[in-house]
Amino acid sequence: MVELYPRKKSKKPMLFLVLFVALVIVSIVYYLTHNKNSSESGVDNLETVTPENQPDDEEEATVNSVDQIEQTLKDSQDSFSALEDDLKNIEVYQAENDSAPSI
Amino acid sequence: MLKNNPTKIINFVSVFFLVFLIPVSVYAEEDMAEAERQAAEKNATSSGSAALIDISTLSADQAIAEYNQSGTGDRKIEALKQAAKKYVESRLATLEALKSAIEAANIESAKKNVLSVEVQNRVSAINLLREEIQNQNEIDQIKSRIRLIFSENKIYSIFAPKIRGEIAVARLSSIAGKIEDLKPKINSLLLEKKNAGVDTTSGQSALSGIENQLKTINDSLRIANDRFSAITLTNATAAKIYISDGREALIKAKNALGEINKYLAVINNL
């Protein structure tokens with residue numbers, strides 16, 4: 001049977017959907033805005049280099065370089081002495097009699 | 001005359017003993033002593049003046065001399081075994097010293113392992129010969145094994161110089177790598193000091209000197225490494241040339257390292 005006066009469809013579900021999408025968009029925008037601000041302020045990001053601590057790092061790098069030069073110099077001097085021993089030993093071994101006896 | 005007179009009989013017997021038997025026994029003792037002396041003299045003449053010396057106290061050379069002079073087979077064998085024992089002992093002591101040198105060297109552990117295995121193989125080979133000699137009682141067999149201690153191992157003339165050379169190459173290679181790694185850091189340090197107003201001319205010159213000497217070290221290291229690793233115990237003539245060439249290259253590298261130490265000290269004092 002054909003309805004002469006069909007019922008009007010409710011627009012409420014559509015309204016809810018629109019509200020939900022809007023809420024999601026607002027949340028994303030809020031999240032992005034908040035995160036950007038945090039990064040810029042350096043509050044949340046502990047690894048951010050501040051102008052105040054940059055010279056400290058440079059100073060530390062310099063100290064490390066100086067220590068490393070000193071350590072390498074020491075190692076090099078030790079190697080030099082050990083090398084002298086190696087060369088002396090080679091000479092001493094070669095001077096030893098290594099010929100079979102006449103038997 | 002003596003019949004019926006016991007006292008006279010006793011007197012007669014006593015006089016007989018005194019006059020005849022005592023001198024005879026004295027002469028007999030002297031004869032025995034003379035015979036013993038002559039026997040000892042004969043023995044000493046046949047086995048040399050060291051015949052009475054305990055062979056186990058002799059050095060290798062003394063034991064060989066004893067072997068050459070000994071008359072009896074047993075003493076000859078004993079002398080040969082003593083000489084072999086001394087040859088083995090001195091070589092094992094050298095190999096132990098090499099082991100300690102490898103262990104103490106500031107080189108890569110992989111290289112340490114390779115060298116330690118080489119030394120251990122020599123120790124095993126010499127110990128095997130020692131055991132064979134001590135269990136052998138044929139003079140010719142003992143002699144041939146004594147010759148092998150020298151001909152197959154060549155501890156002094158080839159093996160020990162080769163191992164020492166390889167330790168030196170590894171040591172130099174390690175320190176050259178450290179100095180190479182240090183170059184950029186020296187550069188940054190000099191730049192920083194220059195920016196801070198320090199005169200870095202001597203430092204720049206030292207850095208340039210380090211670079212030149214490093215090149216000398218690396219070139220010499222290549223030669224030394226080629227020569228020492230090419231040494232084999234089977235070709236003694238070539239081995240001697242390689243040892244000589246390798247040693248010469250090491251001396252050159254050592255001198256370059258000495259120069260680098262002076263340059264590093266300059267930079268260190270800036």
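**Some details on unusual backbone geometry**
Residues and elements named next belong to chain B.
Here's step 1: Phi angles above zero are rare outside glycine, and Lys-154 is one such case at about 45°.
Here's step 2: Residue placement: Lys-154 occurs in the loop between α5 (139-151) and α6 (155-195).
Here's step 3: Since 22 C-beta atoms lie within 10 Å of it, Lys-154 is described here as buried.

**Here's the deal with the interface of chain B and chain A**
Here's step 1: Facing 42 residues of chain B, the contacting portion of chain A comprises 27 residues.
Here's step 2: For the side of chain B that touches chain A, the secondary-structure elements that each account for two or more residues are α2 (60-69), α5, α6 and α8 (236-268) of chain B.
Here's step 3: Ranked by residue count, the leading element in the side of chain B that touches chain A is α6 of chain B, at 20 residues.
Here's step 4: The residue inventory of the side of chain B that touches chain A, partitioned by class, reads 25 nonpolar, seven polar and ten charged.

**Digging into the confidence of the model for chain B**
Residues and elements named next belong to chain B.
Here's step 1: Looking at chain B as a whole, its pLDDT mean stands at 87, while 81% of the residues score no less than 70.
Here's step 2: Under a pLDDT of 50 for its full length, residues 44-50 has, in the predicted model, eleven contacts with residues more than four places off or in other chains.
Here's step 3: Complex prediction metrics read pTM 0.69 and ipTM 0.73.

**Re the environment of Arg-227 of chain B**
Here's step 1: The topology assignment puts Arg-227 of chain B in helix α7 (residues 201-230).
Here's step 2: If sequence neighbours within four positions are ignored, Arg-227 of chain B has contacts with Tyr-242, Asp-245, Gly-246 and Ala-249 of chain B.

**A word on the nonpolar core**
For soluble globular proteins, nonpolar side chains are generally found buried alongside one another.
Here's step 1: Judged by nonpolar contacts, the single largest core of 50 residues is most densely connected at Ile-167, Leu-172 and Ala-253 of chain B.
Here's step 2: Put simply, the parts of the chain that give this core at least two residues each are α2 (54-95) of chain A together with α3 (73-104), α4 (109-135), α6, α7 and α8 of chain B.
Here's step 3: If you tally residues by element for this core, the top one is α6 of chain B, at 18 residues.
Here's step 4: For this core, the two domains that each supply at least three residues are domain 1 (59-151) and domain 2 (155-268) of chain B.
Here's step 5: Other than its neighbours up to four places away in sequence, Ile-167 of chain B contacts Asp-86 of chain A together with Ala-101, Ile-102, Ala-105, Ile-107 and Leu-115 of chain B.
Here's step 6: Grouped together as the second largest cluster of nonpolar side chains are 16 residues, Ala-63, Leu-80, Ala-84 and Ile-126 of chain B included.

Definitions and cut-offs
- Residues numbered from 1 in each chain as written.
- Chains lettered and ligands numbered in written order.
- Predicted model: local features only at pLDDT ≥ 70, side-chain atom pairs only at ≥ 80, totals over all residues.
- Helix = DSSP H or I, 4+ residues; strand = E, 2+ residues; numbered from the N terminus.
- Buried ≥ 20, exposed ≤ 12 C-beta atoms within 10 Å, placed from the backbone.
- Contact = placed C-beta atoms within 7 Å.
- Nonpolar A, V, L, I, M, F, W, Y, C, P; charged D, E, K, R; others polar.
- pLDDT = per-residue confidence, 0-100.
- Core = buried A, V, L, I, M, F, W, Y, C linked by C-beta atoms within 7 Å.
- Domains from an automatic or database assignment.

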